[in-house]
Amino acid sequence: MKYGRLISYTQDGQQLELAFEENGVLLEVLKEDVVHIRVRDDLPPCRSKAVEEKKSVPTEISVSRDGQQLCVTTPALKIRIGDDFRMDISGADETPLLKDYCGERTAAAAIGEKELKQIAAEGHDITNLKEKNYPVQTVKALDPDDAFYGLGDKTGFLNKRNYEYENWNTDNPQAHNEDFHALYKSIPFLICKKKTGAYGLFFDNTFHSYLNLGKESPEYFYYGADGGSLDYYFLGGGTLPQIVSNYTWLTGTTPLPQLWTLGYQQSRWGYVCAKDIREVAEKYRSLQIPCDVIHLDIDYMEDYKVFTWDEAEYGKPGELFAELKAGGYKAVTILDPGTKLEPGYFMYEEGMKNGYFAKDKDGNLYVNVVWPGEANYPDFGRKEVRDWWGGHHKALVDMGVSGIWNDMNEPASFRGPLPLDVVFHDEERETDHAEMHNVYGHFMAKATFEALKEQTGKRPFVITRACYAGTQKYSTVWTGDNQSLWSHLQMMVPQLCNLGMSGFSFCGTDVGGFGADATPELLCRWVEAACFSPLFRNHSAMGTRRQEPWQFGEEVIAVSRKYIELRYRFLPYLYDLFYQGERTGLPVMRPLVLHYEDDPNVRDLNGEFMVGEQMIAAPVLEQGAVKKIVYLPEGIWYDFWTGEKIAGGRHILRDAPLDCCPIYLKAGSIIPMYAPVQYVGEKPYDTLYLLIVPGEGSYEHFQDNGTDYAYRQGEYNSYRFTQDREGNITTEMLHHQYPEYQNIIPEPLGNGCIC
Ligand code: GLC
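Please read these numbers as outputs of a predicted model, since none were measured by experiment.

Reading guide: rules and limits
Residues numbered from 1 in each chain as written. Predicted model: local features only at pLDDT ≥ 70, side-chain atom pairs only at ≥ 80, totals over all residues. Heavy atoms only, no water. Helix = DSSP H or I, 4+ residues; strand = E, 2+ residues; numbered from the N terminus. Rg over C-alpha atoms; globule rule 2.2 N^0.38 Å. Buried < 20%, exposed > 50% of the residue type's maximum accessible area, 1.4 Å probe, protein only. Contact = heavy atoms within 4.5 Å. Near = heavy atom within 4 Å. Polar contact = N/O pair within 3.5 Å; in protein donor to acceptor, adjacent residues only side chain to side chain. Areas by Shrake-Rupley, 256 points an atom, 1.4 Å probe, with all protein chains shown as cover. Nonpolar A, V, L, I, M, F, W, Y, C, P; charged D, E, K, R; others polar. Domains from an automatic or database assignment. Salt bridge = Lys/Arg side-chain N within 4 Å of Asp/Glu carboxyl O. Expected span 1.5 Å × (residues − 1). Pairing = 2+ DSSP bridges. Core = buried A, V, L, I, M, F, W, Y, C linked by side-chain atoms within 4.5 Å. pLDDT = per-residue confidence, 0-100.

1. Quick word on the overall build of the protein chain
Now for step 1: When its secondary structure is counted, the protein chain shows 15 helices and 47 strands.
Now for step 2: Relative to a compact globule of 755 residues, whose C-alpha radius of gyration would be 27 Å, the protein chain shows 26 Å and is just as compact.
Now for step 3: Seen through its C-alpha atoms, the protein chain measures out along the principal axes to roughly 75 × 75 × 55 Å.
Now for step 4: A burial count over the protein chain gives 62% of its 755 residues as buried.
Now for step 5: Intrachain contacts of the protein chain at a sequence separation of at least 6 include 68% that bridge at least 24 residues.

This is the structure:
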């Protein structure tokens, strides 16, 4: 991208328009530590899909010009801009943060034609080796200590430094290893933690984009995109939590979910009839393993046609759901976008009549193949199409469905990828697949969320596989088709932590692994690790070993019961974290680096995570291991199981036999807990237990009806519990507009488990 000399600038409040010889740049200070940068090109303006409302906070800025350099100062930042749009951003105290790279890109990555042929000869993919310059591009300097976090669901380890990634929503059934460049989600938000200081960058461009974070050179990292414009946000804030908060201030926070959605969930592709579902439901109850949700995969539809119901196998519409409801279960059904091409089928007819399906560049209906065979793709970028699609959910809601699972919405296609020129719309503006691919799942999830909200009046439970930055406002996510591999259990921790750092607080993996066959040990360890992951769903693929706990014998049943019950005990703590997250954007499941960013021991810590700020879970993630090396950061920590007091800032070795997931609580923590139930709603939650960890501290707890939006009208209670130096506990009611608990019972830590 060419800019040339900086010629002039004009200022309009917090917005500057910079004129370079060959290009123009708009720079807008949105708040003292958030800056929006957009290169003016001749493209039609792309509406942001992630930042849906104009965001701006009145901020004092001053602009000065010193020769060829322009300096924009906010109370938190200094932005210096020179010729060729070289831009450096530092903190107000001159701590260097973001610097443009001024050298030439190294030729290290340029591979000649002859070599490319050789590489391809053995079947290696060379598409990404050919072109390393993009029409939209920016190259930034790297320091040796820079570590990267965020980027959504990318595979591999917590710290993304030295790897390269792509944003192009991809359904790839191979085992997702750390060399994968792209998975189902595109969340081009990156946090850079420097030796001193940190910043975030959000590249708001939906086209296929690329991030090379030090693989090509230790001197720089780059962002490139195949189309659209260079449109990005610099996010300061000083600390990692503040950067995450700034990012979610822009793109939205994960809303408070219904309480039951935090319960345990069972799913499988291949429950082929109502009897299968009934058996699973009954078995959980007879074994006294709590479970709240049963998912119905594509098996429930007639010929995989969306919004149909296979009466032959699943019985009269509504009957199964009424039975499940009577047993305390909530049903979630899957819906895929691919709509079967079948004259006479109502969705096909309605879509055709109204022009709701994508067309090829010549105006013919675009057809590819997914589960139902030849199928069409609803053009979800248009509100009219979203409303049509959403309206059809009413039938499912009326049948008794409580949540919707959106799948295959990258969109997946079995007959080769959709050509980039397939015509889609961004509302009424005609555009193409190249621009809309990465937001296809986003708009499907939005359609679903808005429909469920209107039809039920409750907080919608939507799960989506594909999404873009900002989809967290509409949907929870799962990480797609993982496998029953130890490496995938290991990946769960960094993958969910990075999703959380990217705004997606409500996320989870298929517990036990989707593809391949789980073993008893793997399932135990997965349940232990996922016990504190926000979305807790066991799911597996047709043809693999069945994966409900009882498929593996008594020991697995016992371990599952222990950890699923533990999950139900911790529900109020998790719910509080969601409530706070709706305000702050901070996730439930957090890497330690989020709160201990200056501790070098946690920058690459992949095997443990925090739940809020008070708890560390250190699950065993290796086959055969019965001990765990745990890193505890500075401060005093207590072992949840034994009550042992441990000074942090060091590694410890903890015994961890098959039924033990090491868990630690920070001194002074107060953790709200409920008595375990078989499902949310089984008994009224009229007693709150407080797990008291020695030390001074206080904690705020939120209580409401757990289902609708009444809390936004003030119908909730807020309690503050405080522990003083002597261990006395006091309760203050900060807000009282909901029936309060009948009992609040403090319990000291150390009995293994309370309530
Ligand atoms: C996809 C989904 C998986 C689902 C299957 C059948 O592979 O990722 O979760 O079970 O499709 O619908």
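2. A closer look at the site of the ligand
Now for step 1: Taken together, 13 residues are adjacent to the ligand, and Asp297, Asp407, Arg465, Asp481 and His539 come closest.
Now for step 2: One nitrogen or oxygen atom from the side chain of Asp297 is found 2.5 Å from an oxygen atom belonging to the ligand.
Now for step 3: Within the side chain of Asp481, an N or O atom sits 2.4 Å from an oxygen atom of the ligand.
Now for step 4: For the ligand, the accessible surface in isolation is 310 Å², of which the surrounding protein chains cover 97%.
Now for step 5: For the shell around the ligand, the per-class residue count stands at eight nonpolar, one polar and four charged.

3. A closer look at the domain arrangement of the protein chain
Now for step 1: Parsing the protein chain into structural domains produces domain 1 (6-251), domain 2 (589-666) and domain 3 (670-748).
Now for step 2: Computed over C-alpha atoms, the centres of domain 1 and domain 3 are 42 Å apart.

4. Quick look at the side chain of Arg386
Now for step 1: Inspection of the secondary structure puts Arg386 in helix H8 (residues 383-391).
Now for step 2: A polar side-chain atom of Arg386 sits 2.8 Å from a polar atom in the side chain of Glu427.
Now for step 3: In this view, Arg386 contacts Phe380, Gly381, Glu427, Phe443, Lys446 and Ala447; residues no more than four positions away in its chain are not counted.

5. Focus on the pattern of salt bridges
Now for step 1: Inspection of the entire model under this criterion finds 49 salt bridges.
Now for step 2: Salt-bridge contacts for Glu164 lead to Lys215; the nearest nitrogen and oxygen are separated by 2.6 Å. Taken together, the positions of Glu164 in strand E12 (residues 164-167) and Lys215 in the loop between strand E16 (209-212) and strand E17 (220-225) put the pair 51 residues apart, joining distant regions of the chain.
Now for step 3: We classify Lys215 as partly exposed; its relative accessible area is 45%.
Now for step 4: With its nearest N and O atoms 2.4 Å apart, the salt bridge here joins Lys627 to Asp655. In this pair, Lys627 sits in strand E37 (residues 627-632) while Asp655 sits in strand E40 (residues 650-655), placing the two residues 28 residues apart along the sequence.
Now for step 5: Among the residues examined, Lys627 registers a relative accessible area of 45% and is labelled partly exposed.
Now for step 6: Overlapping salt bridges bring together Arg47, Lys49, Arg386, Asp426, Glu427, Arg429 and Glu435 as one network.

6. A few points about helix H11 (residues 440-456)
Now for step 1: Taking 1.5 Å of rise per residue, 17 residues should cover 24 Å, and H11 covers 24 Å from first to last C-alpha, within 8% of that figure.
Now for step 2: Counted residue by residue, H11 has twelve buried out of 17 residues, so it is predominantly covered.
Now for step 3: Within H11, burial applies to Tyr440, Gly441, His442, Phe443, Met444, Ala445, Lys446, Ala447, Thr448, Phe449, Ala451 and Leu452.
Now for step 4: Downstream of H11 by a residue or two, Gly457 has a phi angle that is positive, lying close to 70 degrees.

7. A look at the pairing of strand E43 (residues 687-692)
Now for step 1: The element E43 is largely enclosed, with a buried count of six among its six residues.
Now for step 2: In this structure, strand E42 (residues 670-673) lies alongside E43, joined through four bridges in antiparallel fashion. Counterpart to Met673 in the pairing with E43 is Tyr689.
Now for step 3: Direction of pairing for E43 relative to strand E47 (residues 743-748): parallel, over a ladder of six bridges. Bridge pairing in E47 links Ile692 to Pro748.

8. A word on the nonpolar core
Now for step 1: With 191 residues, the main nonpolar core has Phe202, Phe532 and Phe640 as its most contacted residues.
Now for step 2: Ranked by residue count, the leading element in this core is helix H12 (residues 486-501), at eight residues.
Now for step 3: With sequence-adjacent residues up to four places away left out, Phe202 is seen in contact with Ala50, Val51, Pro188, Phe189, Asp231, Tyr232, Tyr233, Leu235, Tyr247, Thr251, Tyr468 and Ala469.
Now for step 4: Counting 41 residues, the second largest nonpolar core, distinct from the first, contains Leu77, Phe85, Leu151 and Leu211.

9. Brief notes about the confidence of the model for the protein chain
Detailed reading of the predicted coordinates is not advisable wherever pLDDT is low.
Now for step 1: Scored by pLDDT, the protein chain comes out at a mean of 96, with 98% of its residues at no less than 70.
Now for step 2: Model confidence for the protein chain, summarised as mean pLDDT per element, is weakest for helix H2 (residues 127-130) at 72 and strongest for strand E35 (residues 609-611) at 99.

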